[in-house]
Structures are given as structure tokens and as C-alpha cells.
Amino acid sequence: MAETSAYAPKWADAGQVSLPETVRSPWWQLGRRLLAAVAIMIGTVALVYFDRDAYVDNNDPAGTINLVDALYYTTVTLSTTGYGDIAPVEPHARMINAFIVTPARIAFLVLLIGTTLEVLTKQGRDLIRVARWRRKMAQHIVVVGYGTKGRSAVETLLANGANPEEFVVVDPDPIARADAHSDGLAVVTGDATRREVLMRAGVRDAEQVIITTNRDDSNVLTILTVRQVNPEAWIVAAARERENAPLMKQSGADSVITSADAVGRLMGLSTISPTLGSVMEDLLNSGIGLEVAERDLLVDEVGKQPQRLADQVIAVVRDEKVFRYFDPVVGTLSRGDRLVVVRAAKELPWAPRPGTHDEESAQ
């Protein structure tokens, strides 16, 4: 889906947990095997019928075999019932039964019994996988809405070292669920404004929650529900309209991104200055060109001015507050500060400095 436009609940699937699969659906496997079983039966019926002169019906005075008799003989033979009322009497018919019909009977039974066992085994395996997944889920990331914004957020986190197993997607849309599964993410089906759905996604133990549905009212209700369940989670929400951003903040979101304003501003900058617009687009695109990253302050950087560091510092984080690099409060850097810098995308975002990975941190 382009974005999650509404959260009309699908009650049959609400709250269902589904993990990414690497094989086809068991129902596809069941249908394929049933077709194979039918093909075996039809082939055996044709074989017996066209060679009917080599068989005898002990219950028929004439001893003749017709199509119904061939079908009857095939079903009782493949099912291993074998009443013996119809039997091959010619030597070649006995050889055909030994080397063709008997292997067909074995294959027929393997298909039917094997399929039943596989379906039951898969159901049990899925239950075990989900139970194991629930035991491991803690300090994970819940993504509400797997549209363009949600998927981009996940891709950015993965590019910065996150593990796909750390994510849980909540979305009622089957296309979004398929996209999340193709990206190797677990999915909880349902309406994220419902408490029980969020509980199934493990929101109570989540470290971060990203809310990217396409409706601000749904986002606000989801934020309130998440904050009620988990007061400590870091919540990032997307707002379509600027006037709704303060409401989301008041509802409990730690960070609110106004998507329409951001796109509009980028378009305006590109109109005024194509060069500036291209630079901003470069910063927004993950994995190429320039990146914005946050890193620790190094020991040999303590006491220096942000402008005099090798990295291009644009902000300093001190006591959980963000200051612009030119703010007098951060005129000199202190232990515990963190730096927001612009650097080459090829560098690891968590590396101390471009090209270096082993300096001592001042934390």
C-alpha cells in the first residue's frame, strides 16, 4: 500500500502474529499434492481399463471389466483395501500391478498422509516459532503502518546496524504485510488503535515505536494507547498537517515529523536553489553521498569548540537537550556531550570519526 489510509479492522485476522516465511503456503502444497493424487488415480484407472481383458471380475458371471469396474479396482487397490473380487489374471497384468500399480499405491498414500502430517506439523511449528519469538522480543521496535514512510524508516534503521529481528510491523493491509514479510519482518495483523493488538506486538516491552499511518487522528489515538501501555517507549510519529503536530506531542509523542511540510520545504528550496535542493535531498537519501550521524565526543575533543573539529558539527546534545553548534552554551565541548555531524555515507554512522574506529570516547 502507498500508505495505511484507514484502520478498518478485519476481525478474523485482528491481532494475528505472522512471521516471515521462506516456503510456499501449506494450502498451496496441499492443492498441489491433491492434484498429484488425482493424477495417479486417473492414470491407474486408464491403465486398468485399457488392459481390461487381462482382468477378471469374480462377481460378474461374464467376468468382463468396464470403466466403473476399473475405477472401483483402482480406488480399493490404491487405498490398500483390496477385496480381491477383481484381480489380474494375465502374467503381464500381474507384472504391471507389481511394478506400476504398487508404486502408485505407495505414492498415493505418501501424498495423502504426508500432506496431512505436514499441515499439522506446520501449525505446530508456527505456534512454537511465535512462542519463541515472544520470549525473545524485548527492547524491540514496533512500526505502525508499513507504507512508504514506515518502510523508509525501517530501511534507514537497517542501514544503521539494526537487525530485522528487532522489528514488529502492525498493519491490517495484506499488501503491507506481504511487503514486511519480504523484508524479513514479523507482522501483527490488526488496528493499532486497539490495545490488544498493540499488546500482541509487544509494545509493553518495546524500546521504540514508529507511527506512520496516513491519518493524523489514527496516529493520535495510537500514540495515546502506546503511551498508556508503555510510558518509557520512545515514540516517533508522522503528521500530515502541521497543526496536528502539537496535539501529537501533547498525546505523548517524543518526536513528530510533519511529512507534508518537509516535502513542501524541500520543493521550495529546490525551486529557489537547485544546488541547495540537491544537497538536502542527498542528506535525506540513506546510503549515498552525505549522511547525518550522531556520535560520542572523543577525549582529545574535550574543551574544543564545535567548529574546530574534523567533523562538520551541526548540533551538540548535552543533558538530553539539543543545541546548535554556534550556541554559546556549547561554546566549548564537555565530557558527556554527543555530536550531530555531517559525514560521508560510506562511514559507519556510529564510528567516532571518518576513517577511525578506535579512539577513546569521552563519555
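Placed above this text is the structure.
As the structure is a prediction and not an experimental result, all values here were calculated from the model.

(A) Looking closely at the overall build of the chain. Of regular secondary structure, the chain possesses 10 helices and 13 strands. Looking at the chain as a whole, 39% of its 363 residues are labelled buried. A sequence separation of at least 24 residues applies to 66% of the contacts in the chain between residues at least 6 apart. Surface exposure of the chain reaches about 20,200 Å², of which carbon and sulfur atoms provide 58%.

(B) Inspection of the pattern of salt bridges at higher detail. This structure, assessed with the given rule, holds 10 salt bridges. Across the pair R295 and D311 runs a salt bridge, and its minimum N-O distance is 2.7 Å. Of the two residues, R295 sits in strand β10 (residues 290-296) while D311 sits in the loop between β10 and β11 (312-318), which places them 16 residues apart along the sequence. For the pair R295 and D311, a shared accessibility class is recorded, and that class is buried. When the shortest N-O distance is used, the salt bridge between R318 and D337 registers 2.7 Å. With a gap of 19 residues between them, R318 in strand β11 and D337 in the loop between β12 (321-324) and β13 (338-344) connect regions that are remote in the sequence. For R318, a relative accessible area of 15% gives the class buried. A relative accessible area of 2% places D337 in the buried class. Bridged by salt links that share partners, the residues R151, D179 and D183 form one connected network.

(C) Structural view of the nonpolar core. In terms of nonpolar packing, the biggest core is built from 26 residues, with V142, V170, V209 and M248 touching the most fellow members. Listed by contribution, the elements that provide at least two residues to this core are β4 (141-144), β5 (167-170), α6 (195-200), β7 (208-211), α7 (216-229), β8 (234-239) and α8 (245-251). Core analysis: the next-biggest nonpolar cluster, separate from the first, contains 12 residues, I141, F167, L185 and V187 among them.

(D) Broad picture of the packing of helix α9 (residues 259-272) against helix α10 (residues 274-284). Taken N-terminus to C-terminus, the directions of α9 and α10 make an angle of 145°; their axes are 5 Å apart at the nearest point. Judged by residue contacts, L266, L269, S270 and I272 of α9 engage P274, L276, G277, M280, E281 and L284 from α10. Here the contact of α9 with α10 is built from residues that sort into 7 nonpolar, 2 polar and 1 charged.

(E) Structural view of the sheet that holds β13. Here 4 strands make up an open sheet; going across it, the order is β10-β13-β11-β12 and the pairing antiparallel. With partners counted over all chains shown, the strands left at the sheet margins are β10 and β12, one partner each. Looking at each pair of strands side by side, their axes are set apart by 30° on average, direction ignored. Sheet analysis places β11 next to β12, joined by 4 bridges and oriented antiparallel.

(F) Helix α5 (residues 174-182), seen in detail. Within the span of α5, buried status applies to A176, R177 and A180. Looking straight down α5, one finds that the buried residues subtend no more than 100° of arc, so they occupy a single side. Among the exposed residues of α5, those oriented more than 90 degrees off its buried face are I175 and S182. Backbone geometry just downstream of α5 places G184 in the positive-phi region, at approximately 80°.

(G) Quick look at the pairing of strand β6 (residues 186-189). Burial of β6 is two-sided: the residues A186 and V188 facing one way and the residues V187 and T189 facing the other way are all buried. Bridge count for β5 against β6 is 3 bridges, and the pairing is parallel. In the strand pairing of β6, V168 is matched with A186. Crossover handedness for the path β5 to α5 to β6: right-handed.

So, how was this worked out
Residues numbered from 1 in each chain as written. Predicted model: local features only at pLDDT ≥ 70, side-chain atom pairs only at ≥ 80, totals over all residues. Heavy atoms only, no water. Helix = DSSP H or I, 4+ residues; strand = E, 2+ residues; numbered from the N terminus. Buried < 20%, exposed > 50% of the residue type's maximum accessible area, 1.4 Å probe, protein only. Contact = heavy atoms within 4.5 Å. Areas by Shrake-Rupley, 256 points an atom, 1.4 Å probe, with all protein chains shown as cover. Salt bridge = Lys/Arg side-chain N within 4 Å of Asp/Glu carboxyl O. Core = buried A, V, L, I, M, F, W, Y, C linked by side-chain atoms within 4.5 Å. Axes fitted to C-alpha atoms, helices over the stretch in contact; angles between N-to-C directions. Nonpolar A, V, L, I, M, F, W, Y, C, P; charged D, E, K, R; others polar. Pairing = 2+ DSSP bridges. Arc of directions from axis to C-beta. Right-handed = clockwise from strand over helix to strand, strands pointing away.

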